[in-house]
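# Close look at the chain arrangement
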Amino acid sequence: MPWMSPLARIRDALAGQRARDKDLRNLVSNLPYEGLDKWKQPNRHFRNNGIKTTKYSVLFFIPMNLFEQFHRLANLYFVGLAILNFVPVVQAFEPEVALIPICVILALTAIKDAWEDFRRYKSDKKLNRLPCFVYSSKEKCFVEKRWKDVRVGDFVKVESNDIVPADLLLLYTSDPNGVCHIETANLDGETNLKQRRAVPGVCITVSNTDILLIIHAVIRTGCLGFSHPDLVLKQHLGCTVRNTGYAVGFVVYAGHETKAMLNNNGPRYKRSRLERRLNIDVIFCILLLFTMCIIGSLGHVPLYLVPQTDGHLDTPSLSSFYKFFSMIILLQVLIPISLYVSIELVKIGQIYFITNDLDLYDEETDATIQCKALNITEDLGQIQYIFSDKTGTLTENKMVFRRCSIMGREYPHKENGMFLCGPKRALKMYIYKIKILMFTKSLPPNQQETEVILDQKLLRQIRGTEKIDAYQDFFLALAICNTVVVSMATAKRLRVSTAEFQQTNQSNPLDTLSSLVRRAGSWTRLRAPITSETSANDLTTQGQSVNQTGGQTCSLHVPPQGTAPAVPAGKLCYEAESPDEAALVHTAKAYGFVLMSRTPDSVTVQLPSGAQLRFEVLDTLSFDSNRKRMSVLVRHPISKQCILYTKGADYAIMELLETPYGEKQQKAIASDTQQHLDCYAKEGLRTLCIAKKVLCDGEYESWAVQRQHALAAMDNREQLIMDSAVQIETNLCLLGATGVEDRLQDSVPDTVMTLREAGIQVWVLTGDKPETAVNIGYACRLLEQDDLLYLDHFLLLSQVTCTSILDCGLEEVRRYSEDPRNVDTTPDISLVIDGRTLTMLMSPDLRDRFVDLARHCRSVLCCRVTPLQKSEVVKLIREKLKVMTLAVGDGANDVNMIQAADIGVGISGQEGMQAVMASDFAISRFKHLKKLLLVHGHWCYSRLANMIIYFFYKNAANVNLLFWYQFFCGFTANAMIDHWLMIFFNLLFTSVPPIMFGIMDKDVSAEMLLGLPELYRTGQGKGEYSFFTFWISMLDAFYQSLVAFFIPYFTYRGSDIDIYAFGTPLNTISLFTILLHLSIEIKAWTIVHVFIILGSVTLYFIVTLAYGVRYLNYSGYWTLQAQMVDPMFYLVCLISTVIALLPRYLFHVLKNSITCSPIVEARHLDTLEPSTRDQWIKEWRSFRGRVQDKTSDVSVPPSPSLESLDDDSIMDDEFALNVITANHHKKANS
């Protein structure tokens, strides 16, 4: 490297900083400069592609780690005391001894930090050594390099399923249209494929061997001036090339300048409520310590002033000042120095047991619970409010096509309804049902939701000639109006492997039944259900071929079965942004309208006749939350017309329909379709309307000009784009509607009811329409067949009227609370609010009334709410009521809500991983929330709370022995116990038992906690760790220290034993008392507890004996050995320990016999036989006023397509739509 002056290096560094800070980056290719020195490289100012996430280096680990640890005030406090002990005038004991505790704590923390940083180093090393292909001008080809060797200005080739190594400007892809499909699931959590286009004009079409022509062409062009986001591939384990052979790009950003690294802000730190309470108690201990030190400093004068060796005598005030600091050094253990480290170790152990709980493992997705926040596990046991999303959280988010309405006629797809009944009900059906079961059981679990069993009436309609154009447009809209990416089955992404689990289910009786059905020859003559996989075989024929320009007529007539298929079955895979889109595309495929391919400029659809139509895509109007719809503008290959296909929410489409002046048929279609939509919503189905519009060329050209102006606008661009979309989406022609079912997850109703019995209020915040949300609310037992206070239509009223209605509701709640018959009960009120009403209720004038009414409701259901409103509701309840909140969701629209709650839980569902990435805990099923809170949450809080209280007690009981001794040694800050043994007492003898107590203790078994959800209430509010319990333990510590000190004192008073012979029984009594105190507190004994406690006692005697023999200059030489041969020593230890623990033992006896708490009663029931225990549980719950589920006899509104099917109607082709009429309102003032 050539020599450069320091001034030149400074100028070069400043120039590099300016280049990196510029918004516009000017880059030059590295190829002409390959092999030259670093200082001659044009892009040397930009970072390389090496990734470094470690916090420390080997050389500076110790100073940097100490700097990090000294951010804790507790560490600074103890280091300051250790340094203060080196001052002779305030020295309490040997200075080196004072350093041991803090050095051990700092060393343990440093080891933990070093291990975590070493894991980050290994991860970085693995990432930096990943291979990639970089073009070399010397080799005239792409050569393999490591990630860290990639630099800004290089040309990189990325093959299919490879991770993009840096932020690239896409120049060329193997796709003829220059499109590259990428997946960004690990970057932003989105699982759908995104399209990126190559830079236009760089190349048209080249072969694999001519890629270097592209590179040389780019070099000759000088610099590239592109900024469109669709041209850039983002980097770093968040962007993977899919369904594309390879892509070539130019490195624009590398390493820590990439989007992934800039977005990596590290883990969020949350403080638990217990930790905040702990800090307050530490302050109390500091005040108590200062009080004891002031007493000691004042007691030292004037009675015990002793002149120094030179005859100098300090003044009383100065001597008192010195003794104050000496007492702080002596009694410093009152502040538990090892408490914070012990809490971290306990939480690590708790998380280990949570993550290894098999009940929280989901076999279908091969996923277990993830604990991403290590410091708030105890908050799981204090939750009071749960805010849940609906779609994908309470439901599967695996959409199954259920119903459709085309041109005012309803097609129920009743066989598809049977398919949803599940295997158990299918066993009771007739032969036709068994045939369906045989077919569905042969499918992988992840494909059952995409299979559609066709409606025979609709199938006959397609075969006919009536309304062929309308039916064709309906299914073409389903196939075209979406963003589904088409790929071959061999290139499909493997998200979850289910092969292992399929093998474990081979012995299922349903599989045996299916195999018998397959073997029986008579069964094969039954008609099989037609699905999307068989539609290509059953609905296609050798019809007239149609070229891509559409030169001949296409036939929609369904030919006889057995003809050759036009497209091999199972060769196409659909990658959809949402399960809704996938369900509709598979439905169109089932009826023969197969989406064959999609490019940025065209969509190819195969018709039932086998002919293919290639539609030119003129524009795509993406879905947004304001319009609530999406549209695709295409040019029909046959008629050459510009057709706009639109799908969206019913209310968003119905208001845009063409005004039917005198057209009774169109008006009747809209009216009938609306009735069908209302019935779908009452069934809990997700509804969409399908519409079209035919544009003339002049209208399209005029609109296209405005659209281009909107896309090119610099100011107010988003609004202009939306306005252009709204402009063309008018005067639509209604084609029909669809109803898609999002089934509830397993055990959701039971989980919701259990959480409510545990004292947790459950709110559901969803974007669905009120009818759908209310139906799901009844199905999941969130709503009951009791009072419902609807606030859906407050928007039509004035704010004064809205206020009056709220006041009436509050008055009703007040009268209910004043009734003596309703003590400790909740009024049967459920609140249902829509988004527009919620906006009004969140205003400053009404929010207090709204919160007051909502907290008296059993449940609250918010419909049509936006992601921002979700987070605002969580913040409002958390801040106004000062309660612990938990938010659970599965999609990107739940991230704000998850981050606003005290605990965020993400569900790894079908909508990507955004919620999981933003959460504190990640689960795969909503039902796992039951055990996570009621069992692990209760255990974590109970264990940690009792361990912290015990820690304060332990240190106070031990240090008070030194304080009482000061009254007999002239407050000279001397100790009757050797300083080394004092250090070992807290670091060795009594450190491990409380940690194991915090990790493994169980006050109640998991079965009892799940059987009696009311036990969870013990952790809500103040819980077990309160101001009262803390000071009771501290008073108990003072009492036990008095007993442990004065019984030996009066026993040995007047004898000739020395100071250490007197301190040895005191230290032994303190050890026995502290460990036996812990034994009383342990609720569930294990072999680990016995081993740890006996091991601590054994270690104490071994270390003390060895210490007394080894150190001959030790003033207490052979002290314990002499004490152990004296019977008085054992008698004093026994009597003192019994008297010290007697109040604690009597307290527990009275507590467990006279005033039994729910936990104590549950622990008694836990010792009974299972059958007897279950009977006692019912009686005990009845005695405590916990009324059995009042809605157990109330049936959930049935699905009309399922429950209303009798055996005689299964094979019928005609099926009438049944409408549920449920009385959701209770008569007022009944």
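Residues numbered from 1 in each chain as written. Predicted model: local features only at pLDDT ≥ 70, side-chain atom pairs only at ≥ 80, totals over all residues. Heavy atoms only, no water.

## So, the overall build of the chain
Each helix and strand counted, the chain has 42 helices and 29 strands in total. Per-residue burial over the chain gives 53% buried out of 1230 residues. Counting only contacts in the chain whose residues sit at least 6 apart along the sequence, the fraction spanning at least 24 positions is 76%. Just so you have it, the chain exposes about 55,700 Å², and 58% of that area is on carbon and sulfur atoms. (Helix = DSSP H or I, 4+ residues; strand = E, 2+ residues; numbered from the N terminus. Buried < 20%, exposed > 50% of the residue type's maximum accessible area, 1.4 Å probe, protein only. Contact = heavy atoms within 4.5 Å. Areas by Shrake-Rupley, 256 points an atom, 1.4 Å probe, with all protein chains shown as cover.)

## Here we look at the nonpolar core
In this structure, Leu-330, Leu-331, Met-947, Ile-948, Phe-952 and Tyr-1025 are the most contacted members of the largest nonpolar core, which totals 92 residues. For this core, the element with the highest residue contribution is helix H32 (residues 928–966), accounting for 18 residues. Those residues in contact with Tyr-1025 that sit more than four places away from it in its chain are Leu-274, Arg-277, Leu-278, Asp-281, Tyr-941, Ala-945, Ile-948, Ile-949, Phe-952 and Phe-1030. The next biggest cluster of nonpolar side chains, apart from the first, holds 76 residues, and it includes Phe-475, Ala-583, Leu-644 and Ala-691. (Core = buried A, V, L, I, M, F, W, Y, C linked by side-chain atoms within 4.5 Å.)

## A few points about a nonpolar patch on the surface
A surface patch of nonpolar side chains, amounting to about 500 Å² of accessible area, comprises Met-1128, Leu-1131, Leu-1134, Ile-1135, Val-1138 and Ile-1139. One can find Leu-1134 in helix H40 (residues 1127–1153). Judged by relative accessible area, which is 54%, Leu-1134 ranks as exposed. (Patch = residues over 30% accessible without salt bridge, like charges linked within 9 Å, V, L, I, M, F, W, Y side chains within 5 Å. Salt bridge = Lys/Arg side-chain N within 4 Å of Asp/Glu carboxyl O.)

## With respect to the side chain of Ser-29
You can see Ser-29 is positioned in the loop between helix H1 (6–21) and helix H2 (61–69). Polar contacts involving the side chain of Ser-29 include one to the main-chain amide nitrogen of Leu-31, which spans 3.2 Å. (Polar contact = N/O pair within 3.5 Å; in protein donor to acceptor, adjacent residues only side chain to side chain.)

## Here we look at the pattern of salt bridges
Applying the stated rule across the entire model yields 38 salt bridges. Here Asp-473 makes a salt bridge to Lys-692, at a shortest N to O gap of 2.7 Å. Of this pair, Asp-473 sits in helix H15 (residues 468–480) while Lys-692 sits in strand S21 (residues 686–695), and the two are 219 residues apart along the sequence. We classify Asp-473 as buried; its relative accessible area is 11%. When the shortest N-O distance is used, the salt bridge between Arg-814 and Glu-811 registers 2.1 Å.

## Points about unusual backbone geometry
In this model, Lys-882 sits at a positive phi of 55°, which is unusual for a non-glycine residue. For Lys-882, the position within the fold is in the loop between helix H29 (867–881) and strand S27 (885–889). Assessed through its relative accessible area of 64%, Lys-882 is described here as exposed. The backbone phi angle of Phe-971 is positive, close to 55°, even though this residue is not glycine. Note that Phe-971 resides in the loop between H32 and helix H33 (979–989).

## Regarding the packing of helix H36 (residues 1027–1052) against helix H37 (residues 1059–1081)
With their axes 10 Å apart at the nearest point, H36 and H37 run at an angle of 145° to one another. Pair H36 / H37 crosses with right-handed handedness. For the pair H36 and H37, contact is made by Asp-1036, Gln-1040, Ala-1044, Phe-1045, Pro-1048, Tyr-1049 and Tyr-1052 and by Phe-1062, Pro-1065, Leu-1066, Ile-1069, Thr-1073 and His-1077, respectively. Split into classes, the residues belonging to the contact of H36 with H37 amount to nine nonpolar, three polar and one charged. (Axes fitted to C-alpha atoms, helices over the stretch in contact; angles between N-to-C directions. Left-handed = near helix turned anticlockwise from the far one by under 90°. Nonpolar A, V, L, I, M, F, W, Y, C, P; charged D, E, K, R; others polar.)

## Points about the UniProt feature "active site" (unreviewed entry) in the chain
When the UniProt feature table is mapped onto this chain numbering, "active site" (unreviewed entry) sits at Asp-389. We classify Asp-389 as buried; its relative accessible area is 4%. Polar side-chain contacts of Asp-389 include one of 3.2 Å to the side chain of Lys-870. (UniProt positions renumbered as here; feature names shortened; annotations may be inferred.)

## Some details on the packing of H32 against H37
Running from N to C, H32 and H37 cross one another at 160°; their axes reach a closest spacing of 11 Å. As summarised for this structure, H32 and H37 are arranged roughly antiparallel, according to the angle between their axes. You can see that H32 and H37 cross each other, and the crossing is right-handed. Every residue of H37 that contacts H32 at Tyr-950, Tyr-953, Lys-954, Asn-958, Leu-961 and Tyr-965 is listed here: Ile-1059, Phe-1062, Leu-1066, Asn-1067, Ser-1070, Thr-1073, Ile-1074, Leu-1075, His-1077 and Leu-1078. Per-class residue counts for the contact of H32 with H37 are 10 nonpolar, five polar and one charged. (Parallel < 35°, antiparallel > 145°, perpendicular 65-115°, else oblique.)

## Some thoughts on H32
Under the 1.5 Å per step criterion, the end-to-end length of H32 is 56 Å for 39 residues, consistent within 8% with the ideal 57 Å. Within H32, the axis deviates most sharply at Gly-937, by approximately 30°. Here H32 lies mainly inside the structure; 39 of its 39 residues are buried. (Expected span 1.5 Å × (residues − 1). Bend = angle between axes of the 7 residues up to and from the residue.)

## A closer look at the environment of Ile-1092
Within the fold, Ile-1092 resides in helix H38 (residues 1087–1110). On the accessibility criterion, Ile-1092 (16% relative accessible area) is buried. Between the C-alpha atom of Ile-1092 and that of Pro-993, which follows or precedes it by 99 residues, the distance is 6.0 Å. Setting aside residues no more than four positions away along its own chain, Ile-1092 makes contact with Val-992, Pro-993 and Met-996.

## Examining the pairing of strand S9 (residues 246–253)
Burial within S9 is extensive, with seven of its eight residues counted as buried. Where strand S3 (residues 155–159) and S9 come together, five bridges link them in antiparallel fashion. Counterpart to Val-158 in the pairing with S9 is Ala-247. Where strand S4 (residues 167–173) and S9 come together, six bridges link them in antiparallel fashion. What sits directly across from Leu-169, in S9, is Phe-250. (Pairing = 2+ DSSP bridges.)

## Some details on the sheet that holds strand S18 (residues 612–621)
Pairing is antiparallel in the open sheet, where nine strands are placed in the order S13-S12-S22-S21-S20-S19-S18-S17-S16. If you trace the sheet from one side to the other, it starts and ends with strand S13 (409–411) and strand S16 (594–598), each paired once. If you compare each strand with its neighbour and ignore which way they point, the axes differ by 30° on average. Across five bridges, strand S17 (residues 602–606) lies against S18 in antiparallel orientation. Residue Thr-604 lies in a different strand from S18, and its bridge partner there is Arg-614. Lying over the sheet, helix H22 (residues 697–712) contacts S18, strand S19 (629–635), strand S20 (642–648) and S21, oriented at roughly 45° with respect to S18.

## Concerning the packing of aromatic side chains
The final tally for this structure, using the stated rule, is 45 aromatic pairs. Geometrically, the ring pair formed by Tyr-77 and Phe-78 is edge-to-face, given 4.9 Å between the ring centres and 75° between the ring planes. On the basis of relative accessible area, Tyr-77 is assigned to the partly exposed category, the value being 24%. (Phe/Tyr/Trp six-rings, centres within 6.5 Å; stacked < 30°, edge-to-face > 60°.)

## Observations concerning the side chain of Thr-766
With respect to the secondary-structure elements, Thr-766 resides in the loop between strand S23 (761–765) and helix H25 (770–779). Not counting chain neighbours up to four residues away, the residues in contact with Thr-766 comprise Asp-389, Lys-390, Ala-773, Cys-862, Cys-863, Arg-864, Val-865 and Lys-870.

## Overview of the state of the cysteines
Taken as a whole, this structure holds zero disulfides when the rule is applied. Left unpaired, Cys-371 is separated from the closest cysteine sulfur, that of Cys-940, by 8.3 Å. (Disulfide = S-S within 2.5 Å.)

## Describing the confidence of the model for the chain
When pLDDT is averaged across the chain, the result is 76; 76% of the residues are at 70 or more. Ranking the helices and strands of the chain by mean pLDDT puts strand S11 (residues 385–388) first, with 94, and helix H16 (residues 499–504) last, with 33. Segment residues 204–210: pLDDT under 50, and three contacts once partners within four positions in sequence are set aside and those in other chains are kept. Every residue in residues 419–448 scores below 50 in pLDDT, and together they form 63 contacts with partners more than four places removed in sequence or on other chains. (pLDDT = per-residue confidence, 0-100.)

## Quick look at the environment of Met-753
One can find Met-753 in helix H24 (residues 748–757). Residue Met-753 is classed as buried on the basis of its relative accessible area of 12%. For the pair Met-753 and Leu-782, spaced 29 residues apart in sequence, the C-alpha separation works out to 7.4 Å.

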